[in-house]
Amino acid sequence: MLSSPNLSFSRTLPTSMFNKLGELLEQMTQAVESSALVLTEAIVARVPISSEWQQQRFTVVVSQGFSALLLGKLRETEMAVLLVGEGQLEQTYELANGWEDGENNRTINASLTFDVNAIASFLSELQQLFVSDSQIYRDLAHYSQILAPNNNSLQEKFTLLLLESLLTQSASMATTEIPVSNSHHSVYKQVEAALQKQIAQERLLNQVTTQIRKSLDLSVIMKTAIAQVREFLKLDRLVIYKFPESKIKKPDTSIAPAHASTSITLELSPPKVIDYGGCIIYEVLANDTIPSVLNYQEENCFTPTTKCWQKYSQGFTLAVNDIEKTYILEQCLVRFLQEIQVRAKLVAPIIFENKLWGLLIAHQCHVARNWHQSEVNLITAVAEQLAIAIHQSELMCYLTQEKQSLEQRVAERTIALHDALEAAEVARRIRSQFLATISHELKTPLTYVIGMSSTLLRWSFGELTQRQRDYLQTIHDSGEHLLDMIDDILDLSQIEAGKAVLDITEFSLIEIVKTSINELQKKATTQQVELKLDLQLHERCDRFSADVRRVQQILGNLLSNAIKFTPENGTVTLRLWWEESTAVFQVEDTGIGIPEEQLPLLFEKFHQLDTPYRRRYEGTGLGLALTKQLVDMHRGRIEVESTVGMGSIFTVSIPAQPMDNR
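Keep in mind that this is a model prediction, so the values were computed, not measured.

What counts and how
Residues numbered from 1 in each chain as written. Predicted model: local features only at pLDDT ≥ 70, side-chain atom pairs only at ≥ 80, totals over all residues. Heavy atoms only, no water. Helix = DSSP H or I, 4+ residues; strand = E, 2+ residues; numbered from the N terminus. Buried < 20%, exposed > 50% of the residue type's maximum accessible area, 1.4 Å probe, protein only. Contact = heavy atoms within 4.5 Å. Areas by Shrake-Rupley, 256 points an atom, 1.4 Å probe, with all protein chains shown as cover. pLDDT = per-residue confidence, 0-100. Pairing = 2+ DSSP bridges. Expected span 1.5 Å × (residues − 1). Bend = angle between axes of the 7 residues up to and from the residue. Arc of directions from axis to C-beta. Axes fitted to C-alpha atoms, helices over the stretch in contact; angles between N-to-C directions. Left-handed = near helix turned anticlockwise from the far one by under 90°. Nonpolar A, V, L, I, M, F, W, Y, C, P; charged D, E, K, R; others polar. Phe/Tyr/Trp six-rings, centres within 6.5 Å; stacked < 30°, edge-to-face > 60°. Salt bridge = Lys/Arg side-chain N within 4 Å of Asp/Glu carboxyl O.

Participant: Outline the overall build of the protein, supporting the account with residue identities and numerical values.
Facilitator: Broken down by element type, the protein carries 17 helices and 20 strands. Put simply, the protein has 662 residues, and 41% of those count as buried. The contacts in the protein between residues at least 6 apart in sequence include a share of 71% that link residues at least 24 apart. Put simply, the protein shows about 37,200 Å² of open surface, and 52% of that area lies on carbon and sulfur atoms.

Put into structure tokens, the structure is as follows:
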């Protein structure tokens, strides 16, 4: 006779009783002749689940002879609270995660059913949590199809096991008496132990953080951190797993010391990258009996389709208490983990620059381990600190590379500048030689031309016609103009080459300005320009020390320019006054003026006013450039004010030069 689905029930049970029911269901699989599947909530630990699934506990048995579903949802009961820190309340059970009986003091809303339809519906909901093309999804679909009503004998056997368990538990409770005082004392001791563990954990995390702040060596930080954490949590193995990059940089080939206290620390050299994973770049072992996984490469069981990778990228920490329960439908992965002796594991992601850089993985090798929340929090916090260390190391590496690149560029620029300076020096010497040669070759015949044309104009062996006299005058004036231009070029080149020096003497300022006016009076009269002298200087302040020839050259250039750009019936005025120990010369004209956009370029070599003035007023554009250089040699200042159509004002301030400067 087959069992009836009416055997199902729903009750509020202590967690210990709920766990005992799950164990009894697992025992039933040994009595089933065909293969049986036992699934617990551990199977959903590595996939994204809702809060409802997170609060749910279950054990489901599926076979052709016996199937059952035990469901439970934890209830919040009245629990003691402790005052922690600055007025913060935390539940005792959350603080004392190390208590083994903390979970048993809670109650759970439990339901047990043998109805194949209910079991099939639950398996369907469970199936939707996994990727549709995964092996787990296909296996759950397969077991849903083999569901059948329970065999009566197996159902009776489960009933007998349940009764025997209940009787045993009742007898145990009846014979065990725990004094109230002892119970309270036990609770206080457990709370004290939990607090001490939390303080030790905070101290360890502070040590890791301090190490990261003090050191820039990523290898030292990694090895030190995982060694301290392994020792604190009493782990069999703790590793750092790095995901592959598009291009792996040259690995660190250093080998850590073989033994450090009771741990063995190794570093992979060189790293091996698998298709879907990366490589373990750091590892610390409890003792030398635990196998190393540094050189192990697994290429078949890891796939990028599992939703767990997505959860890692979102900061999810995976706690697997027992791989045989969590990966019961992934035999390939179970065999792989058993081969490297992993029974329980705790995995925290290392996220660097919003990317999944790697994993911090804790292994318990021989027995299952119930990972408590405080241990999960510690591993997560350490992984976050390692991400900070990686960022710090990457930043330092970037800065080092930038420094080296900058130093290389500076060295290259220095060499290029040195070569350019040498080339400039060669060009300067060639230019000086050229100018010296051209000066002699041009000035000598020009002197003859000017001298002979001047002589012919004053006296001739015969009468000269007016045309002949005009021709001779043109030759004479052109020769003088060309000679002045050559002198300007030579003076400017000597100043730029640093060969020009000032010949400081004491002279009369009044005489200098009068001489300058007299020399250009003829030119002003020819162009019908009135040339004025405005002396604002007392005769007692007349004496001045400077290079008299250079000062005359400055005044000559300014006056000549003013006359050239002043139309007929215009006026050019030369003013002179004294400001403390500085002589101020000012040349004002009523000429064409200078456009505002031309003022910044006024003292550039070979610069002339733009058309239409360029054709009308000829010149080399060297006069003002040379004037600026001569003023600078005297440590003076030249300023200009100008309005188009109204004229210009050039003001030159030259301080008195010390006589020992000769």
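Participant: Account for the confidence of the model for the protein, naming residues and giving values.
Facilitator: For the protein, per-residue confidence averages 79 on the pLDDT scale, and residues scoring 70 or more make up 79% of the total. Model confidence for the protein, summarised as mean pLDDT per element, is weakest for strand S5 (residues 81-84) at 34 and strongest for strand S18 (residues 582-589) at 95. For the stretch residues 1-5, pLDDT sits under 50, and the model shows 8 contacts to residues farther than four places along the chain or on other chains. A low-confidence stretch, residues 246-276 (pLDDT under 50), is modelled with 66 contacts involving residues beyond four sequence positions or located in other chains.

Participant: Can you explain the pairing of S18? Please cite residues and give values.
Facilitator: In terms of burial, S18 is largely enclosed, as 7 of its 8 residues are buried. Bridging between strand S17 (residues 571-579) and S18 involves 8 bridges; their strand directions are antiparallel. Within the sheet, the bridge partner assigned to Thr573 lies in S18 and is Glu588. The antiparallel pairing of S17 with S18 creates a hairpin that spans 2 residues between the two strands, and Glu580 there sits at a positive phi of about 55 degrees. In terms of strand pairing, S18 meets strand S20 (residues 647-655) through 7 bridges, oriented antiparallel. The residue bridging Phe585 from the neighbouring strand is Val652, located in S20.

Participant: Kindly report on helix H14 (residues 509-526), identifying the contributing residues and their values.
Facilitator: Here H14 contains 18 residues, and its C-alpha end-to-end distance of 27 Å stays within 8% of the 26 Å for a straight helix at 1.5 Å per residue. Roughly 45 degrees is the biggest bend found in H14, and it falls at Leu520. If you check which residues of H14 are buried, you get Leu509, Ile510, Ile512, Val513, Ser516, Ile517, Leu520 and Ala524. Tucked into the core, H14 has its buried residues touching strand S14 (505-508), strand S15 (530-536), strand S16 (543-546), helix H15 (548-564), S17 and S18. Of the residues trailing H14, Gln528 is marked for its positive phi of about 55 degrees.

Participant: Just give me the short version of helix H5 (residues 135-145), but keep the residues and values in it.
Facilitator: For H5, every residue scored as buried is listed here: Ile136, Asp139, Leu140 and Tyr143. For H5, the arc enclosing every buried residue in end-on projection is 100 degrees, short of the 170-degree limit, so these residues lie on one face. Where H5 is buried, its residues meet strand S2 (37-40), strand S3 (56-62) and helix H4 (116-127).

Participant: I'd love a proper account of the packing of H15 against helix H17 (residues 623-633), names of residues and values included.
Facilitator: Two numbers describe how H15 lies on H17: the axes approach to 9 Å, and their chain directions differ by 150 degrees. Of the two possible hands of crossing, H15 and H17 adopt the one that is left-handed. Contacts between H15 and H17 involve Arg550, Gln553, Ile554, Asn557, Leu558 and Asn561 on the former and, on the latter, Gly623, Leu624, Leu626, Thr627, Leu630 and Val631. A breakdown of the residues in the contact of H15 with H17 according to their chemical character gives 6 nonpolar, 5 polar and 1 charged.

Participant: Account for unusual backbone geometry, naming residues and giving values.
Facilitator: A positive phi angle, close to 55 degrees, is found at Gln528, a residue other than glycine. Relative to the helices and strands, Gln528 resides in the loop between H14 and S15. Backbone geometry at Arg635 places phi at a positive 55 degrees, although glycine is not the residue there. For Arg635, the position within the fold is in the loop between H17 and strand S19 (637-643).

Participant: Run through the packing of aromatic side chains, naming residues and quoting values.
Facilitator: Each aromatic ring pair is described using two quantities: the centre-to-centre distance and the angle formed by the ring planes. What the rule picks out here adds up to 9 aromatic pairs. Ring plane angle 90 degrees and centroid distance 5.5 Å describe the contact between Tyr241 and Phe243, whose orientation is recorded as edge-to-face. With a relative accessible area of 11%, Tyr241 lands in the buried category. Phe243 sits in the buried class, given a relative accessible area of 13%. Geometrically, the ring pair formed by Phe507 and Phe544 is edge-to-face, given 6.0 Å between the ring centres and 80 degrees between the ring planes. On the criterion of sequence distance, the pair formed by Phe507 in strand S14 and Phe544 in strand S16 is long-range, its members being 37 residues apart. Residue Phe507 is classed as buried on the basis of its relative accessible area of 7%. Classification of Phe544 as buried rests on a relative accessible area of 2%.

Participant: Which residues make up the pattern of salt bridges, and what values do they have?
Facilitator: A complete count under the given rule lists 13 salt bridges for this structure. Here Lys20 and Glu23 are joined by a salt bridge, their closest N and O atoms 3.9 Å apart. You can see Lys20 and its partner Glu23 sitting in helix H1 (residues 15-28), 3 residues apart, about one turn around the helix. When its relative accessible area of 41% is taken as the criterion, Glu23 is described as partly exposed. Glu375 serves as the salt-bridge partner of Arg369, at 2.8 Å between the closest nitrogen and oxygen. Residue Arg369 is classed as buried on the basis of its relative accessible area of 15%.

Participant: Let's hear about the sheet that holds S20: which residues, and what values?
Facilitator: Judged by pairing direction, the sheet is mixed, and its 5 strands sit side by side in the order S15-S17-S18-S20-S19 without closing on themselves. At either end of the open sheet lies a strand with only one pairing partner, and these are S15 and S19. Going from strand to strand, the sheet's axes swing by 15 degrees on average, the running direction of each strand aside. Pairing analysis gives 7 bridges linking S19 to S20, with the strands arranged antiparallel. Across the sheet, Val640 pairs through a bridge with Phe650, a residue of S20.

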